[in-house]
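Summary of structural features
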Amino acid sequence: MSKKLIEQDIKQEVYEPKIEDKKSISFIWVLPLIILGILGWIAYESYMKKGTNITVVFKSAEGLKEGVTPLEYKGLQLGKVTKISIHEDLKSVKVNFLIDNEVAKYVASESSQFWIKKPTISLTKISGLNTLISGYKIELSPIFKTQKEFQEGKPKYFFEGLDTQPNDEFENDGYYVSLIANDKDNVEVGTPIFYNNFQIGEIIAKEFVYEKVYFTAYIYDKFNYLVNKSSKFFMNEALKVTYGASGLNIELGSLYSALVGGITVITSNKEDEKIIRDEPYILYAKKDDLKNKEYFSINFIDVNGIEENTPIIYKGIEIGKITEVKLNKDGLNTKAFIYEEYKYLLTNKTKFFVEEPVISFDGVKNLGNIVKGNFVSLEYRKGDFQNNFKAINKKDINKSNSNIKIDLLSENLNSISTKSKVYYKNIEIGKVDSYVLTEDLKNVKISLLIDEKYKDLINDNNLYYDMSSKLFEMKNLNLNINYSGVEPMLNGAIALVADKKEGAKLSNKEFKLYSSFKDVEKLKRASSNGFTIDADFNNDFEIKPDMAIMYKNQEIGFIKDIKFDDKKSKVSLFIYSDFRKYITTKSRFYKKGVVNLKASLSGILFEVDNFSSLLNGSITLDIDSNIEYDKPRIFASEDEMRNSTNSITIVFNDVEGLQENFSQLTYKGVNVGKVTKVKLNEKQQVEVKALIYNDFASIAKEGTLFYLKKPRISFQEIANAGSTVMAVNIGVIKSDNPTPQTKFEGLENQPSVENSHFGTVFKVEDPTASSVNVDSPVYYKNVQIGKVSKIDLSEDGSKVVVDCLIYDKYKKLIRKNSEFYDISGFEMKFSIFSGSKVESNTFTSLLKGGLVVVTPYEYGEIANPKDKFALVKTLRDDWKSISPSIK
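Each value, and the rule that gives it
- Residues numbered from 1 in each chain as written.
- Predicted model: local features only at pLDDT ≥ 70, side-chain atom pairs only at ≥ 80, totals over all residues.
- Heavy atoms only, no water.
- Phe/Tyr/Trp six-rings, centres within 6.5 Å; stacked < 30°, edge-to-face > 60°.
- Buried < 20%, exposed > 50% of the residue type's maximum accessible area, 1.4 Å probe, protein only.
- Helix = DSSP H or I, 4+ residues; strand = E, 2+ residues; numbered from the N terminus.
- Pairing = 2+ DSSP bridges.
- Axes fitted to C-alpha atoms, helices over the stretch in contact; angles between N-to-C directions.
- Contact = heavy atoms within 4.5 Å.
- Polar contact = N/O pair within 3.5 Å; in protein donor to acceptor, adjacent residues only side chain to side chain.

Turning to the packing of aromatic side chains, a few remarks are in order. Within a pair of aromatic rings, the relevant descriptors are the distance that separates the centres and the angle that separates the planes. Counted according to the given criterion, the structure contains 24 aromatic pairs. Taking 5.6 Å as the distance between ring centres and 85° as the angle between the ring planes, the aromatic pair formed by Phe 144 and Phe 150 counts as edge-to-face. Note on Phe 144: relative accessible area 18%, which makes it buried. Taking 4.8 Å as the distance between ring centres and 40° as the angle between the ring planes, the aromatic pair formed by Tyr 551 and Tyr 582 counts as tilted. Taken together, the residues Tyr 551 in strand β38 (residues 548-551) and Tyr 582 in the loop between β40 (568-576) and β41 (588-592) connect sequence positions 31 residues apart. Ring-pair connections join several aromatic residues into one group, and the members of that group are Phe 97, Phe 114 and Phe 159.

The following block contains the structure:
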């Protein structure tokens, strides 16, 4: 039963299916189409972004990197370098670019040009600086400028890269000038262009075409008016070397020009037309090349040192150059030019020659030749124009001129040569042209050429002598000296002795050449007019016949004869007539010292008489005697002569350090005499004989004081230091007394006097000794107005007397109520509450001591040397503020 009930229940729960109508297309079939669409879009995007490949060939891949270096056009990136490889010709490189498709039609076109953009850094410009960080870039420069041109153009995928930025990149409205040069490798892109030293443009492109260098110059807009068809361009010269007759001349430009270089433009006509862009202008190497030139030819025979660029110099000015040199069998054929302004020099009478360096003891001539080589010069004479010349030897030029020819006869040629010159009073007036043996073979005939401008010197009375034949000649122990300079000694020389006489003419063309000046001197003296006087001299010095008698460096006569005697010898003096007026009863003579030696702390003075009297000496006339002589006398020396009339005697107790002929008499620091003799007298005192040089009358007077200037050396001072090394000097204080006196009592120290040539002495007294020393300064308002001249005791010994020498210009500052304060050393004040204080006036007063003078506002009369002042030890506090107006 139960089984039936179960089956009955099952049958009752069975349901019938529900039937509905369905659409014809299922959504499941749409999904593949969506996926297919997405994949197609992705494929399309991938294709579009892949870009276009092009290849550009460059000479070098320097600075380029795969995957990094971009291709740009005016800052817009168009693609990148994908691959760099060697070109098949092994001389260049291939650079592959991947170009964005959207710009491919503009890049992969026959109008495209490519060049590498590099950084430019110079003293005048910095460009492309960002490439230093990001690396080099490739720049596109299209030829086509419109869409129509690109549509009509053909695609291209293989290109030849450019070395520099193409001209198409330049602005259409810019002002560009084309320059052409042959070999200016020092001009680069960025080289500045100057006008009156101000930059107006620059070089923006450089190209080598057909063995010539072409430059493109850009002129800044605001300077366009400065450049036109009349403009000339040339390179700046940082270093300019020229060679003149005076030697080498080096001119340095500015440091900026040396570092940067540059091109200068000059414009002669500001109103001329503008320059056409493609019309080339010459870039000259230097400014001189702008000048117009006249070309001509010169033939040289037996000449060395001529080459291209050898300068042609006339009167020290470079007027042209040798431009071309060719060798032929006869010598050198050269092509040269001179500047148009000197064209008048090219005449049929002009002679060209080569200047060579001359090195001698007189100096170096044509120094530039030593550095650069010889230069060409010329001798100009008026004539007809000529452009073909034959150079001659310089020494042959004088032969063709209207010089005076003189022949000399000599027994020997000695040192004479064609390099020898002819002198008159050490001035060159001619030269030796040639020399030959005479027909009888006994003499040498020497031909001279005398410059025409000295024709007035040449007459029949001339005498000639060899300046170099024998430097020394010894005959009978008599030494003859022929020294006249180093060059005459080496090259030989001839001297002319000439007296210009009215009516004297040249009729004789042949003269004798004497061997020395001494021979000529004898002849000249023998023919001179004059008179003879007799003089005495002691036999303690030597006098020789023919010794010259001099007066103020002029020969006025000579020693004619000597008569020896045991006591006094007699001398005959021949005086030329023109000097008769100098021979009086006050005339006296002395033998000129050959060597004069003076030594002091300031140096050594070594004087030598003229060389011709180096051994024999000479006799000198003196007319300054203050006494008259019955008969002329010759003294052994100038000192002996002056001692006979200009000497004084000074007596000292002790003269330690005084030396004969070295100790000087000084007045105001000037040497006015010297000590000639020191000896003891009968009283065992020292007698000093002194010679007064010139001002004898003003010194040899009663009241003149003489004192020893001994050295003082201490911690405080150094005075008369020279006396510690050299001889002690004697100081002089002149007197106003007119009475003459020749014997004096000398003082050991500088005396105390009321008045002297230094100033006025005022006496300052103090009960105790002060720290003031001799020569300590005396100040007024910190200005030194004098010094302490002496420190001594008073007559009764109760006080110390300080002599203060006040210079004359400050004498009016010392009044009867003035006060003298001691400022020696320093002052120190100490207090527990206010602290310490150290005061010192000056460093000098700290070492040497010193005094300060204070004159009150209500000052009294001017003080005199008889007034006495008390020394105040402590300086008043307000002394600096006391400032009266003293008149």
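Ordered in space as β50-β53-β47-β48-β49-β46-β54, the seven strands form an open sheet in which the pairing is mixed. In this open sheet, the two edge strands, each paired with only one partner strand, are β50 (705-709) and β54 (743-745). The mean angle between the axes of side-by-side strands here comes to 30°, regardless of whether they run parallel or antiparallel.

To continue, consider the sheet that holds strand β36 (residues 510-514). Read once around its circumference, the closed barrel built from seven strands follows the order β28-β31-β30-β29-β35-β32-β36, with strand pairing classed as mixed. The average angle at which neighbouring strand axes cross in this sheet is 35°, direction not considered. Taken together, the seven bridges between strand β28 (residues 404-410) and strand β31 (residues 444-450) define a ladder with antiparallel strand orientation. Each bridged residue has a counterpart across the sheet, and for Ile 404 the counterpart in β31 is Ile 450. Packed onto the sheet, helix α10 (residues 517-526) meets β32 (463-466), β35 (493-497) and β36 and runs at close to 155° relative to β32.

Let's shift gears to the side chain of Asp 407. Note on placement: Asp 407 falls in strand β28. For Asp 407, a relative accessible area of 14% puts it in the buried group. At 3.0 Å, the side chain of Asp 407 and the side chain of Ser 447 are in polar contact. Not counting residues within four places of it along the chain, the set of residues in contact with Asp 407 comprises Lys 445, Ile 446, Ser 447, Lys 509, Glu 510 and Phe 511.

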